[in-house]
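If you want the building blocks of each chain, they are given just below.
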Amino acid sequence: MARRAVGPADEVTSASELDVALTVGEDPSAAAFFDVDNTMMQGASIYYLARGLAARKYFTTGDLVRFGLQQLRFRVVAAEHGGHVAGAQETALAFVADRSVADLRKICEEIFDELMAERIWAGTHAMARLHLEAGQRVWLVTAAPVELGDVIAQRLGLTGAIGTVAEVRDGIYTGRLAGGLMHGPAKAEALRALATDLGLDLARCSAYSDSINDLPMLTTVGRAVAVNPDSALRRTARERGWEIRDFRTGRKAAKIAIPTAAAAGALATGVMAAVALRRHLRRR
């Protein structure tokens, strides 16, 4: 039986409805791009990474509480003016200074299995798989370190990840960024660069996000989908006739890997930047 394509005004609220909700045609010149936090997974991946690193004595759990609200302002209030962004960029990856790339990769794998796997949204993951089954490539696009993005993509069977890149010398992190944070307009720029490299037609591509901060990415592709959207994105999606998918109401995130103990709710996105700032100030 043919599947029904859901129109922009419809809101799909469970993974079981996806079979009749999404039709993805075979098109190798197309690709799909998924934001991570609150889109592919419940909560903030950067927080769970910070929490896992705190458990491994990279810094204290007290730092998470002390700086959580400060970084919540960065996300919720969207205080992304020059000074705020510059400060975050300066300190965002200072915590990995003098650590090896291989070590961080291993730790990211452990932290995903311990804290993140059970928080993957089943509905969003199902949509990503439909793109893969149609012969399309699927990337995660995240402000978190690209190493963490790569681990999440690998665990979920996706093509890869685009994320914030740290400067590396001889396999060791310097503690500085190699470029800017993968956030806001930077995500759109990354999509355009990838499309040029791989010959993708962005007009045939899809992007998924929960946040109005990802409007640049969503407007770069031909098909934008608001997933678990914040109020501003939900309003924008309705105004522009975009699809809306919400998997939050009364449902739990799917357990993709081996079942683990429930993880605590995320305090804020970008908490690592604040923790690193403390370390940075100590050195001055």
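Residues numbered from 1 in each chain as written. Predicted model: local features only at pLDDT ≥ 70, side-chain atom pairs only at ≥ 80, totals over all residues. Heavy atoms only, no water.

Going by the annotation in an unreviewed UniProt entry, the name recorded for the protein is HAD-IB family hydrolase, with Luedemannella flava given as the source organism. The protein has a UniProt comment under Sequence similarities (unreviewed entry) that states "Belongs to the HAD-like hydrolase superfamily. SerB family." (UniProt positions renumbered as here; feature names shortened; annotations may be inferred.)

For Asp214, the position within the fold is in the loop between β7 (206–209) and α9 (215–218). For the pair Asp214 and Lys187, spaced 27 residues apart in the sequence, the C-alpha separation amounts to 7.6 Å. When sequence neighbours within four positions are dropped, the list of residues in contact with Asp214 reads Asp35, Lys187 and Ser209. In terms of polar contacts, Asp214 uses its side chain to reach the side chain of Lys187, at 3.1 Å. (Helix = DSSP H or I, 4+ residues; strand = E, 2+ residues; numbered from the N terminus. Contact = heavy atoms within 4.5 Å. Polar contact = N/O pair within 3.5 Å; in protein donor to acceptor, adjacent residues only side chain to side chain.)

Taken as a whole and judged by the stated rule, the model has 3 aromatic pairs. A ring pair is formed by Phe33 and Trp139, whose centres lie 5.8 Å apart and whose planes are at 15 degrees; its orientation type is stacked. With a gap of 106 residues between them, Phe33 in strand β2 (residues 31–35) and Trp139 in strand β3 (residues 137–145) connect regions that are remote in the sequence. Each member of the pair, Phe33 as well as Trp139, is classed as buried. An angle of 70 degrees between the planes, with centres 5.3 Å apart, marks the rings of Tyr47 and Tyr48 as edge-to-face. When sorted by exposure, Tyr47 lands in the same class as Tyr48, which is buried. (Phe/Tyr/Trp six-rings, centres within 6.5 Å; stacked < 30°, edge-to-face > 60°. Buried < 20%, exposed > 50% of the residue type's maximum accessible area, 1.4 Å probe, protein only.)

Another aspect to go through is helix α5 (residues 101–116). Those residues of α5 that fall on the buried side of the exposure criterion are Leu104, Ile107, Cys108, Ile111, Phe112, Leu115 and Met116. Along the axis of α5, the buried residues cluster in a sector spanning 145 degrees; they form a single face. Considering only its buried residues, α5 is in contact with α2 (45–55), α7 (146–156) and β6 (172–177). (Arc of directions from axis to C-beta.)

Right, let's talk about the pattern of salt bridges for a bit. Pairing of side chains with opposite charge becomes possible as their charged atoms draw close. This structure, assessed with the given rule, holds 13 salt bridges. The salt bridge involving Glu114 is made with Arg56; its shortest N-O contact spans 2.9 Å. Of the two residues, Glu114 is situated in helix α5 and Arg56 in the loop between α2 and α3 (61–76); the sequence distance between them amounts to 58 residues. In this structure Arg56 comes out as partly exposed when scored by relative accessible area, which is 24%. (Salt bridge = Lys/Arg side-chain N within 4 Å of Asp/Glu carboxyl O.)

The next subject is the pairing of β6. Across 3 bridges, the pairing between strand β5 (residues 166–169) and β6 is antiparallel. When the sheet's bridge partners are listed, Arg169 is paired in β6 with Ile172. Joining the antiparallel neighbours β5 and β6 is a turn of 2 residues, in which Asp170 adopts a positive phi near 55 degrees. (Pairing = 2+ DSSP bridges.)

Let us look at the environment of Trp242. Examined against the element boundaries, Trp242 turns out to sit in the loop between α10 (231–240) and β9 (243–245). In sequence terms Trp242 and Arg223 are 19 residues apart; their C-alpha atoms lie 7.7 Å from each other.

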